[in-house]
Amino acid sequence: MNIIIVGAGQVGYTVAEVLAPKNDVMVVEYDDDAASRANSMLNVSLFKGNGTNPKTLEEAITRHRAEVIIATTSTDESNLFICIMAKRFNPDIKTVARITDPDYLFKTTDKVAEGIDHIFSPELLTGNLISTLATLENAVEYESIESMNMGLATFLVSKEHTDIIGKVVIGLDLPKDVTVVAIYRGDDVILEAETTELHEGDRICVLGSHDGIHEFNRSMGIIREASEIFILGATTAGIHTARLLQQKKRYIKLVEPDHELCSKLTKQFSMTIIKGNFIDPHTLNMENVGRADVVIALGKTDEVNLLACLMCKKLGSKKIISRYSVNEYEDIFDFTGIQSTIGYHRVVANEIIKTLVSDEDAILKMKHEGELFFSLNVNEQSDVCDERLGDVPLPPGCRVACIIREGKQIYPRMDTEYRNGDKVLMYTYNAKIQKLEKMFRTRINHNL
């Protein structure tokens with residue numbers, strides 16, 4: 001696929017990093033440092049110029065024979081303008097605009113946003129994920145599958161969960177609209193989840209409806225209900241997260257060092273706004289951050305967030321959630337024991353995948369290397385059609401998580417049959433995708 005990315009800042013660079021290995025990517029950038037970094041670090045072609053200039057844009061689209069253009073500059077208005085102009089030069093080109101301001105999140109229909117096919121905001125997507133993760137007391141990871149009104153959550157088994165430690169998964173009283181997809185134990189991924197005995201420290205990956213996932217969270221036993229929440233940093237993601245959690249009737253304290261921004265937020269929100277440096281141990285101690293049910297670090301840099309998390313952990317905070325932007329920080333957060341992290345790279349990657357590939361082919365990339373979660377269709381030519389799940393061995397590393405049939409979700413048992421027209425949600429870990437393609441007589445677009 002021939003793709004143009006306008007802007008090589010953090011978002012543009014991340015999008016290029018995701019797409020470059022399997023696509024022909026051109027980056028349009030006028031800043032010398034950003035252009036040089038993208039050109040030297042990524043397998044992309046570089047067009048030096050201002051992407052908001054119509055002549056530059058037309059030349060880039062013509063030269064690259066672009067099928068897709070993704071506008072990721074730092075200005076929302078510029079990104080929308082780029083998409084609209086691109087459509088004028090090539091009506092068939094697919095346009096994607098990155099935005100930051102929630103006011104720009106309008107519906108992308110021909111009547112409302114002519115020329116713009118899709119809008120995405122990593123900051124607001126991050127806030128959506130974190131606000132849900134914060135209210136799932138036992139969860140350490142969460143992904144949303146909005147197109148199917150489902151979620152994928154990972155729950156940590158702690159020593160307080162005495163009701164489930166030592167039990168086999170098949171013996172648990174699971175909500176009807178969830179299924180256990182896998183068990184993470186250390187570095188191992190266990191797909192034979194039903195027959196696995198749960199140990200302290202295990203992480204349970206659960207797929208289900210949003211209500212079902214919250215019910216599973218309650219069934220584990222809630223040691224400390226998430227009612228008082230600290231948010232460190234009034235970034236776009238921080239403010240959006242605070243707004244969502246306030247709607248869920250949580251008590252919010254938002255800590256921000258910028259005095260002018262604090263004054264502005266005080267007029268806009270009824271939550272508690274604290275003017276203070278949240279990497280100052282004295283500030284955190286004075287505000288009793290250790291007594292908070294959840295602490296969320298959404299400062300401007302990974303270094304600030306990591307330091308804030310470590311201090312909150314020392315002060316006794318039970319659940320800490322942080323965002324990180326640089327991939328390498330994931331291992332650093334894990335090493336320090338901060339398990340609930342939202343990777344900027346993965347948020348961007350999954351949104352771009354959903355934008356460029358239909359959910360019949362791919363849904364999301366998960367945290368562990370080699371993990372994919374996608375859907376594929378059963379047709380009359382599929383080897384599995386009209387066969388029972390228990391009679392059809394899947395390739396190693398594959399597991400059927402759910403079947404969508406006539407709009408209804410079926411959490412399969414061994415006697416469940418594959419039927420023509422079924423959409424099968426498949427979880428894979430280091431699996432040979434080509435074998436699945438042969439069994440289902442379909443092609444899975446896993447190139448992104």
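This is a predicted model, so every value here is computed, not measured.

(A) Local environment of the packing of helix H3 (residues 54–64) against helix H4 (residues 76–89). Two numbers describe how H3 lies on H4: the axes approach to 10 Å, and their chain directions differ by 55°. Overall, the two elements H3 and H4 adopt an arrangement that is oblique. For the pair H3 and H4, the sense of crossing is right-handed. Contacts from Pro54, Leu57, Glu58 and Ile61 in H3 reach Phe81, Ile82, Met85, Ala86 and Phe89 in H4. Looking at the contact of H3 with H4 residue by residue, the class counts come to eight nonpolar, no polar and one charged.

(B) Layout of the pairing of strand E3 (residues 45–48). With four bridges joining them, strand E2 (residues 24–29) and E3 adopt parallel strand pairing. Pairing of Val28 across the sheet is with Phe47, part of E3. Where the polypeptide runs from E2 across helix H2 (residues 32–41) and back to E3, its parallel neighbour, the crossover connection is right-handed.

(C) Region of interest: the sheet that holds strand E15 (residues 294–297). Pairing is parallel across the open sheet formed by six strands, whose spatial order is E14-E13-E12-E15-E16-E17. Here the strands that pair on one side only, and so sit at the sheet edges, are strand E14 (272–275) and strand E17 (340–343). With strand direction ignored, the average angle separating the axes of adjacent strands in the sheet is 20°. Each of strand E16 (320–324) and E17 is contacted by helix H12 (residues 344–356), which is oriented at about 50° to E17, the strand it contacts most.

(D) Looking closely at the side chain of Thr235. When you line up the elements, Thr235 lands in the loop between strand E12 (228–232) and helix H7 (236–247). With residues near it in sequence (within four places) discarded, Thr235 still touches Leu298, Gly299, Lys300 and Arg323.

(E) Spotlight on helix H5 (residues 122–135). If you check H5, its first and last C-alpha atoms are 20 Å apart, about what 14 residues at 1.5 Å a residue would give, namely 20 Å. A large share of H5 lies buried, amounting to twelve of its 14 residues.

(F) Up close: the nonpolar core. In terms of nonpolar packing, the biggest core is built from 45 residues, with Phe155, Ile183, Ile204, Ile229, Ile231 and Ile296 touching the most fellow members. Residue contacts for Ile229: discarding those within four places in its chain leaves Ala134, Leu245, Arg250, Tyr251, Ile252, Lys253, Val294 and Ile296. One finds Ala20, Ala34, Ala38 and Val348 within the second-largest nonpolar core, a separate group that totals 25 residues.

(G) Inspection of H12 at higher detail. Between its terminal C-alpha atoms H12 stretches 18 Å, which fits the 18 Å expected from 13 residues at 1.5 Å a residue. Buried residues dominate H12, accounting for twelve of its 13 residues. Along H12, the residues classified as buried are Tyr344, His345, Arg346, Val347, Val348, Ala349, Asn350, Glu351, Ile352, Ile353, Thr355 and Leu356.

(H) Region of the structure containing a negative patch on the surface. Together, Glu380, Asp386, Glu387, Asp415 and Glu417 make up a region of like negative charge exposed at the surface. Structurally, Glu417 is set in the loop between strand E21 (408–410) and strand E22 (423–429).

(I) Focus on the layout of surface pockets. Quantified by volume, the second largest pocket comes out at close to 930 Å³. In terms of lining, the second largest pocket is formed by 30 residues, of which the most central are Glu194, Arg399, Pro412, Arg413 and Met414. Listed by contribution, the elements that provide at least two residues to the lining of the second largest pocket are strand E9 (178–185) and strand E20 (398–405). The dominant element in the lining of the second largest pocket, judged by the number of residues it contributes, is E20, at four residues. A per-class count over the lining of the second largest pocket returns 21 nonpolar, four polar and five charged.

(J) Quick look at the side chain of Thr135. Tracing the backbone through its elements, the reader meets Thr135 in helix H5. Here the side chain of Thr135 touches Ser131 through a polar contact of 3.3 Å, landing on its backbone oxygen. Engagement of the side chain of Thr135 in a polar contact is seen with the backbone oxygen of Thr132, the distance being 3.0 Å.

(K) Looking closely at the sheet that holds strand E4 (residues 68–71). With parallel pairing, six strands are arranged side by side in an open sheet as E3-E2-E1-E4-E5-E6. Edge positions in the sheet fall to E3 and strand E6 (118–120), since each has one partner strand and no second. Adjacent strand axes in the sheet meet at a mean angle of 20°, parallel and antiparallel pairs treated alike. Note: E4 against strand E5 (residues 94–98), four bridges, orientation parallel.

The rules behind the values
- Residues numbered from 1 in each chain as written.
- Predicted model: local features only at pLDDT ≥ 70, side-chain atom pairs only at ≥ 80, totals over all residues.
- Heavy atoms only, no water.
- Axes fitted to C-alpha atoms, helices over the stretch in contact; angles between N-to-C directions.
- Helix = DSSP H or I, 4+ residues; strand = E, 2+ residues; numbered from the N terminus.
- Parallel < 35°, antiparallel > 145°, perpendicular 65-115°, else oblique.
- Left-handed = near helix turned anticlockwise from the far one by under 90°.
- Contact = heavy atoms within 4.5 Å.
- Nonpolar A, V, L, I, M, F, W, Y, C, P; charged D, E, K, R; others polar.
- Pairing = 2+ DSSP bridges.
- Right-handed = clockwise from strand over helix to strand, strands pointing away.
- Expected span 1.5 Å × (residues − 1).
- Buried < 20%, exposed > 50% of the residue type's maximum accessible area, 1.4 Å probe, protein only.
- Core = buried A, V, L, I, M, F, W, Y, C linked by side-chain atoms within 4.5 Å.
- Patch = residues over 30% accessible without salt bridge, like charges linked within 9 Å, V, L, I, M, F, W, Y side chains within 5 Å.
- Areas by Shrake-Rupley, 256 points an atom, 1.4 Å probe, with all protein chains shown as cover.
- Salt bridge = Lys/Arg side-chain N within 4 Å of Asp/Glu carboxyl O.
- Lys, Arg positive; Asp, Glu negative; His and termini not counted.
- Charge placed at Lys NZ, Arg CZ, Asp CG, Glu CD.
- 1 Å grid on protein atoms, 1.4 Å probe; cavity = no way out; pocket = protein on both sides within 12 Å on 5 of 7 lines; lining within 4 Å.
- Points joined across faces, edges and corners; volume = space filled by probe spheres on them.
- Polar contact = N/O pair within 3.5 Å; in protein donor to acceptor, adjacent residues only side chain to side chain.

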